[in-house]
Amino acid sequence: MQITELQKKIETLLPPGCTLSKTEIEGPDIVIYLKGIDKLYEMDNPIRDIATAIKKKIIVRADMSTMLPPDEAEKKVREIVPETAGVNSISFCPEFHEVWIDAMKPGIVIGKGGMTLKSIIKTTGWTPHILRSPTLPSEIIKGVRASMLKESEARKKFLTKIGKKIFAPHEKTTWVKTMALGGHREVGRSCVLLETSNDKILLDCGVNPDISDPTTAYPYISAANIPIDEIDAIIISHAHLDHCGFIPYLFTCGYEGPVYLTPPTRDLMALLHFDYIKVMKRGGNTPIYSEKDVRKCLAHCVTREYSEVTDITPEIKLTFHNAGHILGSAISHLHISDGLHNLIYTGDIKYGGTRLFNPATTTFPRGETVIMESTYGGKDDILPQRAEAEMKLLRIISETINAGGKVLIPVFSVGRSQEVMLVLEEFARRTGFNRKVYIDGMVMEASAIHTVYPEYLRDNVQRMILSNKSPFESPIFELVKSDRQAIIDSPDPCVIIAPSGMLSGGPSVEYLKMMGNNEKNAMIFVGYQGVNTLGRKIQRGDREVATLDDEGRMQSIHIKMRIETAEGFSGHSDRRQLIAFAKNLKPKPSKIFTVHGEESKCEDLAYILSRIMRIEVRAPMNLDGIRLK
Ligand code: ZN
């Protein structure tokens, strides 16, 4: 439907006294500006009714002439919103006609059935944009929000530009193919190019956690032979560097398009990108992008919640679904050209219970081809049940602490760390365990971001956060400010949770250097250890290992501490869960590609799935191009 047609249709749906003054396209959304907006809000569900009638998401705004000046509007908002909402700040974003209300209790700002929101729009003309305040201080949330506000004008221009492309007249798609640009038969630098006769979309664009070999550090973007500015969109499954670490670099190469992701993925991704730059510098490497590029990437993010259907090109609709892996992780469903083909890209998935998330979704409207992860797809990759893993972790912690030692748990700052924190929080509540659990900065920051998005978490954790009993604020947790040495020098036994998870740099390596040669101490791995990482070397038994000192010189560490692995904590599915995920897919796909796993694992999983499901399953290699339609 063209815009003029849409406009006519919308006009027929408006109540008397409410008139359409302007229609605009803003990225994938249609925005309508109304005079007499209060009349519209006297209807029950006006926006939903219009969106259903035109089969497009719409945003409704009051006409500029009917809006109060910001200072008057702020006064009104403060009068309307009950004090119990805990409003922290009110800001105005004129480009989008929005008043941003940052509050401890967004539910109260919304009001019963949206009453308070409606009252704000009707009285002030400004559309409330409600933001939940983190229950822990978070520099990233503050920074992302400030930067979005600051970039409003540029974002408005950018969204108008991509909107024109999305709603432009177009040819019917005649063919669909994918090309493997990274993360095939390996873990790291995940990247798939989805190409059709009309569109070019990147699904993830990560880096390899092991950057020691420059030939395998980054995806094969140049091999795709596509000018960067011809890529229509990038879709990010979740905020782990092996899925999103390369994106700011694309902006240095001239990419100006949208990055689609869930709101928590955007915030966590910003945290990781800024940290990646720091870790590169600390390791004596030149970062491949700067803070400025990260901010540019941030300004080009277009967020979508699970289940929202979005036109990302004239011929492709994107919908995110829960992937169960980390906060905001998403399976992408791509509906191409009115059903010519449907592609499901899983990203990393957990098809099993965890403390934080529901298992990955397996039901989709359609899905002929599935690209799925295979991290633990190997013949022997049967992981212990979660309860067993938790018991093992707590047993080693208790044994070490009772013997006067300290426990180091290296973790990804996002994902496993919060799972482990929840296990320890519950243990403390249940048993009275009261030793300090030191949380290194990045982990605490990531935990704070979790408190902003309780709706992405399992019901019980959500309830705890909403009732001011956030498990991340248990008194056993103590944020490490700066002096790590003092923690180690103190005679008190303790637990330390620190990134990076594979000991590929970061505070966990600093602690290892200080704690490694004391046999009273223990280190417990709770996540996947990449090939060639320091973590993998120690896990397989190396006790004389090399790392870099502060000046970037090689330093050898003699490891006497106890080394253990508590398997079963992974945010990845084990082999049984991967098979169950594929078998439970509805509808049954006709093709599966296994990716994101070491060579033998991708092959093993492809073999077993093809036998069980009797469909085409294969493990493509990097640089393979496969026609889907
Ligand atoms: Zn991941």
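The structure presented is a predicted model; accordingly, all values stated were derived computationally and were not measured. All chains use their own residue numbering, which begins from 1 and follows the written sequence. This being a predicted model, a pLDDT of at least 70 is required before a residue's local features are given, and a value of 80 or more before pairs of side-chain atoms are given or counted; all residues contribute to the totals for chains, interfaces and linings. Heavy atoms throughout the structure, all of them, feed into the side-chain values; hydrogens and water do not.

Student: Can you explain unusual backbone geometry? Please cite residues and give values.
Tutor: Residue Ser500 follows Pro499 across a cis peptide bond; omega there is 5°. Omega for the peptide link from Lys586 to Pro587 comes to -5°, which places this bond in the cis form. Its place among the elements puts Pro587 in the loop between α20 (575-583) and β26 (591-595). For Arg185, which is not glycine, the phi dihedral falls at a positive 60°. Not every positive phi belongs to a glycine, and Asp204 is a case in point at roughly 65°. On the secondary structure map, Asp204 appears in the loop between β9 (200-203) and β10 (233-235). Helix numbering and strand numbering both begin at the N terminus, where a helix is a DSSP run of H or I of at least 4 residues and a strand a DSSP run of E of at least 2.

Student: Before we move on, could you go through the coordination of the zinc ion and cite the residues and values that matter?
Tutor: A 2.8 Å cut-off from the metal defines N, O and S donors, relaxed to 3.2 Å for Na, K and Ca; water is not in the atom list, so some sites may appear incomplete. Every protein donor of the zinc ion is listed here as His238 (NE2), His240 (ND1), His325 (NE2) and Asp348 (OD), and their distances to the metal cover 2.2 to 2.3 Å. A four-donor site is called tetrahedral if each angle lies between 85 and 135 degrees; a four-donor site is square planar, and a six-donor site octahedral, when trans pairs exceed 155 degrees and the remaining angles lie between 65 and 115; all other cases are labelled irregular. Taken together, the 4 donor atoms surrounding the zinc ion define angles of 90 to 170° at the centre, an arrangement classified as irregular. For the zinc ion, all donor residues lie on one chain, and their spacing in sequence is H-x1-H-x84-H-x22-D. You can see His325 sitting in the loop between β14 (316-322) and β15 (330-336) and its partner Asp348 sitting in the loop between β16 (341-345) and β17 (369-373), a full 23 residues away along the chain. The buried category is assigned to His325, whose relative accessible area is 2%. Here the term buried applies to any residue with accessible area under 20% of the maximum for its type, exposed to any over 50%, and partly exposed to those in between, with areas from a 1.4 Å probe on protein chains only.

Student: Before we move on, could you go through helix α15 (residues 441-452) and cite the residues and values that matter?
Tutor: Under the convention used throughout, the expected extent of a helix is 1.5 Å for every residue step, that is, one less than its residue count. Here α15 is 12 residues long and its end C-alpha atoms lie 17 Å apart, about the 16 Å a rise of 1.5 Å per residue gives. Along α15, the residues that are buried comprise Met442, Val443, Met444, Glu445, Ala446, Ser447, Ala448, Ile449, His450, Thr451 and Val452.

Student: Describe the sheet that holds β10, with residues and values.
Tutor: Whether two strands pair comes down to DSSP finding at least two bridges between them. If you walk across this open sheet you meet the 7 strands as β12-β11-β10-β9-β8-β7-β28, and the pairing is mixed. A strand with exactly one partner marks an edge of an open sheet, and here the two such strands are β12 (301-303) and β28 (625-627). Neighbouring strand axes in the sheet, compared pairwise and without regard to direction, differ in orientation by 25° on average. Here 3 bridges tie strand β11 (residues 259-261) to β12, and the two strands are oriented parallel to one another. Paired with Tyr260 across the bridge in β12 is Val302. Note on definitions: angles span 0 to 180 degrees between N-to-C directions of axes, and those axes are lines fitted to C-alpha atoms, for helices only across the stretch in contact.

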